[in-house]
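# Coordinates in review
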Amino acid sequence: ELFKKGIKCLSLFFIDEVAKYRKYDENGEPIKGVFQQIFEEEYARLVNEEFHIFDEDYNEYLRRFYPYQTHRGYFSIDKKSGRMVDSKTGRKSHVSEDESDYELILRDKERLMSFDEPTRFIFSHSALREGWDNPNVFQICTLRHSNSTTTKRQEVGRGLRIAVDRNGIRQDKELLGDNVHDINVLTVI
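First, a word on what this report is: a plain description of the structure on this page. Since this is a predicted model, take the numbers as computed values, not measurements.

## As for the overall build of the chain
When helices and strands are tallied, the chain shows seven helices and 10 strands. Burial status across the chain gives 42% buried among its 189 residues. About 10,900 Å² of surface is accessible on the chain, with carbon and sulfur atoms providing 48% of the total.

This is the structure we're talking about:
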């Protein structure tokens with residue numbers, strides 16, 4: 001439904017450990033963590049076997065990209081080692097897997113909202129502190145435990161935005177009238 005309206009749907013995963021998304025081998029080379037592996041396997045399975053029920057234009061869109069192209073990780077990086085780490089409050093780390101992930105996720109929303117950009121799933125450990133704000137997060141999945149009410153509210157808040165279409169037009173009450181809540185729905189898992 002959103003695809004037909006020119007609205008790109010994003011999903012945000014909050015995870016408890018960076019190592020579950022990305023690890024490093026003994027040579028310091030990045031390797032896929034368990035979340036990356038599971039995501040790519042399930043994404044490939046669903047697109048190849050089960051998405052025949054959707055509109056053919058949407059099927060074609062989903063099959064245009066490899067599973068590894070559809071997700072990115074957004075984490076703190078240790079400046080000394082250059083490795084992704086769980087976020088800390090110290091000043092010895094900066095954000096993002098690399099410059100391009102940082103730019104895409106935090107700054108280049110126009111490109112992120114483009115259907116030519118394959119990224120639709122974002123895994124994060126630290127998006128709460130970085131001021132990350134994107135209007136097209138329709139699903140938030142928390143794969144970590146938190147007893148903090150404030151943290152839970154901040155996580156949900158990352159998806160409580162009015163969506164924009166591919167032309168940057170807000171899907172608000174002025175445009176959609178009483179149907180505004182039919183489009184702007186956040187699912188928290």
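## Some details on the side chain of Thr 70
Considering the arrangement of structural elements, one finds Thr 70 in the loop between helix 2 (56–63) and strand 4 (71–74). With residues up to four places along the chain from it excluded, the contact list for Thr 70 reads Phe 39, Tyr 43, Phe 65, Pro 118, Thr 119, Arg 120 and Phe 121.

## Some details on the nonpolar core
By size, the foremost hydrophobic cluster in this structure holds 17 residues, and its most contacted members are Phe 13, Ile 15, Tyr 43, Tyr 61, Phe 75 and Phe 123. Of all the secondary structure elements, the ones that give two or more residues to this core are strand 1 (10–15), helix 1 (34–50), helix 2 and strand 8 (121–124). Ranked by residue count, the leading element in this core is helix 1, at four residues. Counting residues in hydrophobic clusters, the runner-up holds 13 residues, among them Leu 10, Leu 12, Phe 14 and Ile 122.

## Focus on the pairing of strand 9 (residues 137–143)
Sheet analysis places strand 1 next to strand 9, joined by six bridges and oriented parallel. Within strand 9, the position partnered with Phe 14 by the bridge is Thr 142. Bridging between strand 9 and strand 10 (residues 187–188) involves two bridges; their strand directions are parallel. Residue Ile 140 lies in a different strand from strand 10, and its bridge partner there is Val 188.

## Some remarks on the sheet that holds strand 1
The parallel open sheet is built from five strands, whose spatial order is 4-8-1-9-10. Each edge of the sheet is formed by a strand with only one pairing partner; in this case those strands are strand 4 and strand 10.

## So, the side chain of Ser 11
Looking at where Ser 11 falls in the secondary structure, it is placed in strand 1. According to the relative accessible area criterion, Ser 11 is buried, its value standing at 8%. A polar contact of 2.7 Å, which involves the side chain of Ser 11, links it to the side chain of Gln 139. Non-local contacts of Ser 11, meaning those with residues more than four positions away in its chain, are made with Arg 120, Phe 121, Ile 122 and Gln 139.

## Re the pattern of salt bridges
In the structure shown here, the tally under the stated rule is 10 salt bridges. A salt bridge links Arg 45 to Glu 42, with the shortest nitrogen-to-oxygen separation between them at 2.6 Å. Of this pair, Arg 45 and Glu 42 both sit in helix 1, separated by three residues, roughly a single helical turn. Owing to a relative accessible area of 34%, Glu 42 belongs among the partly exposed residues under this scheme. For the salt bridge of Arg 64 with Asp 116, the shortest nitrogen-to-oxygen distance reads 3.6 Å.

## Looking at the packing of aromatic side chains
Overall, the coordinates contain 15 aromatic pairs when judged by the stated rule. Consider the rings of Phe 13 and Phe 121, whose centres lie 6.5 Å apart with planes at 40°: the pair is tilted. Residue Phe 13 is found in strand 1, and its partner Phe 121 is found in strand 8; the two are separated by 108 residues along the sequence. Ring pairing ties together the aromatic residues Phe 13, Tyr 21, Phe 39, Tyr 43, Phe 121 and Phe 123, which thus form one cluster.

Definitions and cut-offs
By convention here, each chain's residues receive numbers from 1 onward along its written sequence. With pLDDT at 70 or above as the cut-off, local features in this predicted model cover only qualifying residues; side-chain atom pairs require 80 or more to be listed or tallied, and sums for whole chains, interfaces and linings still use all residues. Hydrogens and waters are ignored; side-chain quantities use all the structure's heavy atoms. In this text, helices come from DSSP runs of H or I with a minimum length of four residues, and strands from runs of E with a minimum of two, each type numbered from the N-terminal end. Relative accessibility thresholds used throughout: buried, under 20% of the residue-type maximum; exposed, over 50%; partly exposed, between the two (1.4 Å probe, protein chains only). Method for areas: the Shrake-Rupley scheme with a 1.4 Å probe, in which residue coverage is limited to the protein chains shown. Here a residue-residue contact requires only that any non-hydrogen atoms of the pair lie within 4.5 Å. Nonpolar cores are built from buried Ala, Val, Leu, Ile, Met, Phe, Trp, Tyr and Cys residues. Side-chain atoms within 4.5 Å join them into one set. Here, any two strands with at least 2 DSSP bridges between them count as paired. Definition of a polar contact: a pair of N or O atoms within 3.5 Å, with one able to donate and the other able to accept a hydrogen when the atoms are protein atoms, and with sequence-neighbouring residues admitted only if both atoms are side-chain atoms. Think of a salt bridge as a Lys or Arg side-chain nitrogen and an Asp or Glu carboxyl oxygen that are within 4 Å of each other. Two rings belonging to Phe, Tyr or Trp (six-membered ring only in the last case) form a pair when the distance between their centres is within 6.5 Å. Interplanar angles under 30 degrees mark stacking, angles over 60 mark edge-to-face geometry, and anything in between is tilted.

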